[in-house]
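Per-entry structural report
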Number of protein chains: 4
Amino acid sequence: MNSFGRLFRLTTFGESHGPALGAVVDGCPAGIPLGEADIQRALDRRRPGQSALTTARAEADKVELLSGLYEGKTLGTPIAALVRNTNQRSADYAAFGEKDRPGHADATWRARFQHQDRRGGGRTSGRETLSRVIGGAIAEAFLAKQHPGLHTVAWVSQIGPLKAPTPLAPPTREEVDAHPTRCPFPQEAGEMAALILSAKENFDSLGGSVDVCTQGMPIGLGEPVFGKLKARLADALAGIGAVSGVCWGGGDILGDIALPGKRFHEGNVQAPSARYGGIQGGLSNGEALHVRVYFKPTATLGDMAKAGRHDACILPRAVPVVEAMVALVLADLSLQTLAFPHGL
Amino acid sequence: MNSFGRLFRLTTFGESHGPALGAVVDGCPAGIPLGEADIQRALDRRRPGQSALTTARAEADKVELLSGLYEGKTLGTPIAALVRNTNQRSADYAAFGEKDRPGHADATWRARFQHQDRRGGGRTSGRETLSRVIGGAIAEAFLAKQHPGLHTVAWVSQIGPLKAPTPLAPPTREEVDAHPTRCPFPQEAGEMAALILSAKENFDSLGGSVDVCTQGMPIGLGEPVFGKLKARLADALAGIGAVSGVCWGGGDILGDIALPGKRFHEGNVQAPSARYGGIQGGLSNGEALHVRVYFKPTATLGDMAKAGRHDACILPRAVPVVEAMVALVLADLSLQTLAFPHGL
Amino acid sequence: MNSFGRLFRLTTFGESHGPALGAVVDGCPAGIPLGEADIQRALDRRRPGQSALTTARAEADKVELLSGLYEGKTLGTPIAALVRNTNQRSADYAAFGEKDRPGHADATWRARFQHQDRRGGGRTSGRETLSRVIGGAIAEAFLAKQHPGLHTVAWVSQIGPLKAPTPLAPPTREEVDAHPTRCPFPQEAGEMAALILSAKENFDSLGGSVDVCTQGMPIGLGEPVFGKLKARLADALAGIGAVSGVCWGGGDILGDIALPGKRFHEGNVQAPSARYGGIQGGLSNGEALHVRVYFKPTATLGDMAKAGRHDACILPRAVPVVEAMVALVLADLSLQTLAFPHGL
Amino acid sequence: MNSFGRLFRLTTFGESHGPALGAVVDGCPAGIPLGEADIQRALDRRRPGQSALTTARAEADKVELLSGLYEGKTLGTPIAALVRNTNQRSADYAAFGEKDRPGHADATWRARFQHQDRRGGGRTSGRETLSRVIGGAIAEAFLAKQHPGLHTVAWVSQIGPLKAPTPLAPPTREEVDAHPTRCPFPQEAGEMAALILSAKENFDSLGGSVDVCTQGMPIGLGEPVFGKLKARLADALAGIGAVSGVCWGGGDILGDIALPGKRFHEGNVQAPSARYGGIQGGLSNGEALHVRVYFKPTATLGDMAKAGRHDACILPRAVPVVEAMVALVLADLSLQTLAFPHGL
């Protein structure tokens, strides 16, 4: 199904080689300041062709808002947004004709749907994340009003074998965007860029990881059993195309779990630990939220990479997508928490 | 919220120190052979007190089926099951009185709900997983009928710093249950057991990882955008109490993503790779499903561990819970796939 | 499916001739005063055997609460309740053996589920409404706290061809319960009682209508397009066994629609009209809610009525069921309205 | 919320005086023949300005399909459709300025959303039904493939005090469309037309009823407890703007319930009765489905009717909307029935 969220709900549509992609957000409260510029700014961060590191597919990705706004504020009605495809060039894909693209889901998809879009990846294309970014921008507009002080920022923490250090404090989005790799450590960023360009020349690809941190979290978001904050984030982030793993907790949490409990929880018997990632008992504990998302290298390689227009490394462009999914989860859980007047 | 699943849906209830815990499964098709023994067998694998490695809380965990069955088969109506608590001993917890238990979610929970069960962990207790195991046993009964040949098995792959090797083929449940650690490699299992006993004596705790593999998978389970098979599994598994991370792909996938794409996908341009974990484009590709789940060490330490009755290492008892959550996801996606007669 | 509601959600289970029936309410906020007595009181109003007018099936319908409560208040966790069947007497039904009961859904049900409970009506039995009454009692406990002054009362307004007048103000529940027909007009109630006793002697049955009115309504409950207050009520009330129609608006609204608009809306151009039934644009307008529910005569007739234990007229016992469904809708919409902080 | 359906799901958007209205259908299986012409044909039946009986607002209501199709068949992905508003003329409404329109939901809506579209009715306008008709056309395309022989037809059965007879067999859509009133009885249709024209001249309005019948129904659609076929239809039809009541059963079912059971069920102890409306135990019984929908006269009267562009009687244009909602329910329940392989 193509909807995400329970109360703040995103429905997405569109094939990468069809007329348009878009999104409908239902459940955004009325009275939130919002305009096309807010969404366009988010889309521009995801747009292909921002630097030599990304795909050559040139799409303006110009958004048009169709409903849900009046005099610069949301109406509480569904907000529909549209982006037309202008540079489909399906002919690039025609070369593959009836053959399945290796490492892709073509055969699996065909087994399921019995009818297939031969023009390109259709809904499995990374272009689908455009709709997520639209939804995320609307979610951020709501969160800015409902939880002033809440800020989410994601950055590239690993490309191939190159790992960036764990920052003492999360960077700003400006610091992240300062380098085309979206790694906020200049030296590591430079090495990562060189590695990506080399992979691009070899028609090879690279994976890595993105870290995301939300500061200014309210306490109590999430549900105790099903719908835990960490489960909702896992669902949201594991749903992004090439994601191979998700973990909670600042720094190298998956290494730290090898520690005995007394050391793992050390210094934390009084105050919540960074190793909890801002989540306890399924609910946010008011501390900063920390999540890491692992991406595998894309499967578009060799001749296929020569023919189509793909990113040798999608990590830099995944950063705004990760932020969007976190915003969608937090907006939805914020409404869900409001819904229940406990202790009235 | 306390329901899981869309079509095959589990609703759970019960506090760890209240009268009972239980589950209602709605959406199990009619005509599936099922009896109390099927559920009891699953509960017995999760039950405390199975070996010296687990908590001393002795609960018979005897299940009673209340509805949904007639002459040994499901009726297509809700299946309700009940387990009474017999050994609550809330007095153990009374010692903590009004103080919050360190490393626990008490303060977070109170901030959210304004009213709190002082008798013990309530719904945040690991005892809540009992209801998941009931749901999983019913899901497995359905899967056995709908997808003969489908088998899920989970095992302990890491305890503290001790890691088991990656098996060439997944073990059987009998092999897993042969050792109280539920690690199917005898030498590593022995070392792990010693480590757990030592942690228990020190009122310390240990984390680790559980691997799970499903063979005999049908092709095409999952959804392409939201509701991808990996997202549903992430949601399901991240919702288990102490889980800190989830990844897809056999072996050390989170290390492998550092490889360049040509090596990561090596040998797989023709056939799906084990590194895909049995999932492509969000859908099962018909290969075996591979997921790893990371658990942090529990926060019940020192004086608190002396007073209450907790596991120094929950990994062995988490094995049937992981299997249950996988079964619930697969049963739900199986129905969801049937619902859409593509290409009719 | 066997769940009702989106945020305040009732899940029901149990066959009329199985071990037990019950309900799980998920989404009731924490801190609401609630005890078994509140639910028992509601069940006693629905219970068979209250007067000579009802079925001879004697069930104590004693409720047991299994979870969700602590020190007399809700915990915000699922509230599970159980009622054991004590007087199943399936032998009464055995007479029908393999034959379908005329006018019943036996053949339809079998076509759908392929497996059938031959012990009696199973989930199609009116005994299923017991679970709705449990849910309604919990919903009323929440509404009493969240919307003090909100009161719902239902009464019998027609039995067979006998119609009661439209009261100037809704009666109290005490006035309604004063007569076994639950018609608050003594003369009409007497005639209705005589008609029911005569039908009972003839193994015949009678339909009619129940009116329901909620005073003290908050303004703005409901949704503008799908999920309108009237649509939610229609769904809730049309789901009760023998219901053949539902309409909104005080008095004889289905006759009044024949009036020209100027007369229909007469006197109401300034103030909301009783003919709107308290709903405008899909939302409650703050005036009293008025709904009428039409029931067809039950299909248990002649030899079948002699053998089983059925009501010749279910209307009097339907009154608390109608009230329960209204309470469930209002509780759910109340939470849903709270969830959206419009104009923050 | 603005979504309808569980598996075959319609999400709608758009204000009557904003840039566009539209719909996204998620859950339509792949491989269903569908084109813009199928949807345009349905919209043309709802379009204003078809005859002297309807509003003067002239909208071409030209649909554009944005996604979900490839080579004339559905892809199994979301189908998004758009209709631009071309004749908003909000100035007509400006006259009302800050005053609430009598009999309308302006005050109620403002109390809920705190922010209001002063350009016209926004989402409460009847123009919103355009999105339902788009959804219905897609649902009918699916039903044509999945259940050949299934046909739904609706017609006007009452306008003001004028009632048409109950037809022996349901008319065809061509017979219904032959007269601008959409009443298939020529004499009554003529009288109704005269009555509507007279109301129009007097800036008055008229209510009435629409009957709908589906032949070729499969057996077993619906759910036994919540989600009964009749409850789903009630929800769907009560959600249409001016609807005041819904009932099931051919002819004058709400009069017939006054009959004693032996006469009500007469002749039907062997075969299902027309008085059951094709539904037993919540499920379709394979007989024709019969529903009647009652509409109140619209509240746009006097000066308000002179200024804006409204229908004196919306019944003729409601006919395709009623059919659309029935199609959406049947498509959704058809998928839901397929999902559960009872008796496998």
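The preceding data block contains the structure.
In what follows, the accompanying structure is described. Small disclaimer: the values here were computed from a predicted structure and weren't measured.

Strand pairing in a sheet takes place through backbone hydrogen bonds and is either antiparallel or parallel in direction. Residues and elements named next belong to chain C. Taken together, five strands build an open sheet; the order of strands is E1-E2-E3-E7-E4 and the sheet is antiparallel. Each edge of the sheet is formed by a strand with only one pairing partner; in this case those strands are strand E1 (3-4) and strand E4 (63-65). Pairing geometry for E4 and strand E7 (residues 79-84), over three bridges, is antiparallel. Bridge pairing in E7 links Glu64 to Leu82. In the packing of helix H1 (residues 36-46) onto the sheet, contacts are made with E4 and E7, and the angle to E4 comes to roughly 155°.

What follows concerns the interface of chain C and chain D. Where interface size is given, it is often the accessible area lost as the parts come together that is meant. Facing 85 residues of chain C, the contacting portion of chain D comprises 85 residues. Carbon and sulfur atoms make up 63% of the area that chain C and chain D hide from each other, which totals about 6800 Å². Ranking the residues of chain C by area buried against chain D places C:Met1, C:Arg112 and C:Phe226 at the top, with a combined share of 14%. Run the count over chain C and chain D and you get two salt bridges. Summed over the shared surface of chain C and chain D, the number is 33 residue pairs in polar contact (both at pLDDT 80 or more). Sort the elements by how many residues they give to the side of chain C that touches chain D and strand E11 (residues 243-248) of chain C lands first, with six residues.

What follows is about the packing of aromatic side chains. Where two aromatic rings form a pair, the distance of their centres and the angle of their planes describe that pair. Scanning all chains against the criterion turns up twelve aromatic pairs over all chains. Both rings, one in C:Phe4 and one in D:Phe226, keep their centres 5.4 Å apart while their planes meet at 40°; by these two values the pair is tilted. With C:Phe4 in strand E1 and D:Phe226 in the loop between strand E11 (219-222) and helix H7 (229-238), the pair connects residues from two separate chains. Under the relative-accessibility criterion, C:Phe4 is labelled buried at 6%. According to the relative accessible area criterion, D:Phe226 is buried, its value standing at 5%.

The next thing to look at is the pattern of salt bridges. Under the definition given, this model contains 64 salt bridges over all chains. Where A:Arg275 meets A:Asp256, a salt bridge forms, and the shortest distance between an N and an O atom there is 3.1 Å. You can see A:Arg275 sitting in the loop between helix H9 (261-264) and strand E12 (279-280) and its partner A:Asp256 sitting in helix H8 (residues 253-256), a full 19 residues away along the chain. With a relative accessible area of 23%, A:Arg275 lands in the partly exposed category. Judged by relative accessible area, A:Asp256 falls into the buried class, the value being 18%. We note a salt bridge from D:Glu223 to C:Arg112, for which the minimum N-O separation is 2.9 Å. With one member in each of two chains, D:Glu223 in the loop between E11 and H7 and C:Arg112 in helix H3 (residues 106-113) form a pair that bridges those chains. Under the relative-accessibility criterion, D:Glu223 is labelled buried at 6%. One connected set of salt bridges, linked through shared partners, spans A:Arg45, A:Glu140, A:Arg173, A:Asp177, A:Arg182 and A:Glu323.

Residue placement: A:His265 occurs in the loop between H9 and E12. Residue class for A:His265 comes out buried when judged on its relative accessible area of 4%. One polar contact links the side chain of A:His265 to the main-chain carbonyl oxygen of B:Thr298, over a distance of 3.4 Å. Sequence-distant contacts of A:His265, defined by excluding residues within four places in its chain, comprise A:Tyr276, B:Pro297, B:Thr298, B:Ala299 and B:Leu301.

Next up on the list: the side chain of C:Lys296. Relative to the elements of secondary structure, C:Lys296 occurs in the loop between strand E14 (289-295) and helix H10 (302-307). Despite its burial, C:Lys296 remains without a salt bridge, the nearest opposite charge being carried by D:Asp256 at 11 Å.

Next up on the list: the interface of chain A and chain D. On the chain D side, the residues contacting the 41 residues of chain A number 42 residues. Counting each side, the surface lost to burial between chain A and chain D is near 3200 Å², with a carbon and sulfur contribution of 62%. For chain A, the biggest contributors to the area lost against chain D are A:Leu66, A:Tyr70 and A:His115; these three give 20% of the whole. Counting across the chain A and chain D interface gives two salt bridges. A salt bridge links D:Glu64 to A:Arg84, with the shortest nitrogen-to-oxygen separation between them at 3.0 Å. The tally of links between chain A and chain D comes to ten residue pairs in polar contact (both at pLDDT 80 or more). Looking at the side of chain A that touches chain D, the elements with two or more residues in it are strand E2 (9-14), strand E3 (20-26), strand E4 (63-65), strand E5 (69-70), strand E6 (73-74), strand E7 (79-84) and helix H3 (106-113) of chain A. Of all the elements, E2(A) adds the most residues to the side of chain A that touches chain D, at five residues. Taken together, the residues that form the side of chain A that touches chain D break down as 17 nonpolar, 13 polar and eleven charged.

This paragraph deals with the packing of helix H4 (residues 129-146) of chain D against helix H11 (residues 315-339) of chain D. Residue and element names in this part refer to chain D. H11 packs onto H4 with a crossing angle of 45° between their chain directions and a minimal axis gap of 7 Å. The angle between H4 and H11 falls in the class oblique. The two elements H4 and H11 meet at a crossing, and its hand is left-handed. Only Pro320, Val321, Glu323, Ala324, Met325, Ala327, Leu328, Leu330, Ala331, Ser334, Leu335 and Leu338 of H11 make contact with H4, whose side of the interface consists of Thr129, Arg132, Val133, Gly135, Gly136, Ala139, Glu140, Phe142, Leu143 and Gln146.

Here we take up the environment of C:Ala274. Mapped onto the elements of the fold, C:Ala274 is located in the loop between helix H9 (261-264) and strand E12 (279-280). Distance from C:Ala274 to C:Gly251, taken between C-alpha atoms, is 8.5 Å for residues 23 residues apart in sequence.

It is the contact of helix H11 (residues 315-339) of chain A with helix H11 (residues 315-339) of chain C, at a shortest axis distance of 7 Å, that shows an interaxial angle of 130°. By the angle between their axes, H11(A) is oblique relative to H11(C). Classified by chirality, the crossing of H11(C) by H11(A) is right-handed. When H11(A) is examined against H11(C), the residues A:Leu335, A:Leu338 and A:Ala339 are found in contact with a partner set consisting of C:Leu335, C:Leu338 and C:Ala339. Across the contact of H11(A) with H11(C), the residue classes tally to six nonpolar, no polar and no charged.

With that out of the way, let us pick up the relation of the copies chain A and chain D. Of the two same-sequence chains, chain A is brought onto chain D (RMSD 0.0 Å, axial shift 0.0 Å) by a rotation of 180°. The transformation just described matches what one would write down for a two-fold rotation axis.

Residues and elements named next belong to chain C. Burial of strand E8 (residues 151-159) is extensive: eight of the nine residues sit out of reach of the surface. Relative to strand E10 (residues 208-215), E8 runs antiparallel, the two being bridged by eight bridges. Its bridge partner being in E10, Trp155 is matched across the sheet by Asp211. Connecting the antiparallel pair E8 and strand E9 (residues 162-163) is a turn made up of two residues, with Gly160 showing a positive phi of about 50°.

What counts and how
Residues numbered from 1 in each chain as written. Chains lettered and ligands numbered in written order. Predicted model: local features only at pLDDT ≥ 70, side-chain atom pairs only at ≥ 80, totals over all residues. Heavy atoms only, no water. Pairing = 2+ DSSP bridges. Helix = DSSP H or I, 4+ residues; strand = E, 2+ residues; numbered from the N terminus. Contact = heavy atoms within 4.5 Å. Axes fitted to C-alpha atoms, helices over the stretch in contact; angles between N-to-C directions. Buried area = accessible area lost by both parts, 1.4 Å probe. Salt bridge = Lys/Arg side-chain N within 4 Å of Asp/Glu carboxyl O. Polar contact = N/O pair within 3.5 Å; in protein donor to acceptor, adjacent residues only side chain to side chain. Phe/Tyr/Trp six-rings, centres within 6.5 Å; stacked < 30°, edge-to-face > 60°. Buried < 20%, exposed > 50% of the residue type's maximum accessible area, 1.4 Å probe, protein only. Lys, Arg positive; Asp, Glu negative; His and termini not counted. Nonpolar A, V, L, I, M, F, W, Y, C, P; charged D, E, K, R; others polar. Parallel < 35°, antiparallel > 145°, perpendicular 65-115°, else oblique. Left-handed = near helix turned anticlockwise from the far one by under 90°. Least-squares fit on C-alpha atoms with pLDDT ≥ 70 in both.

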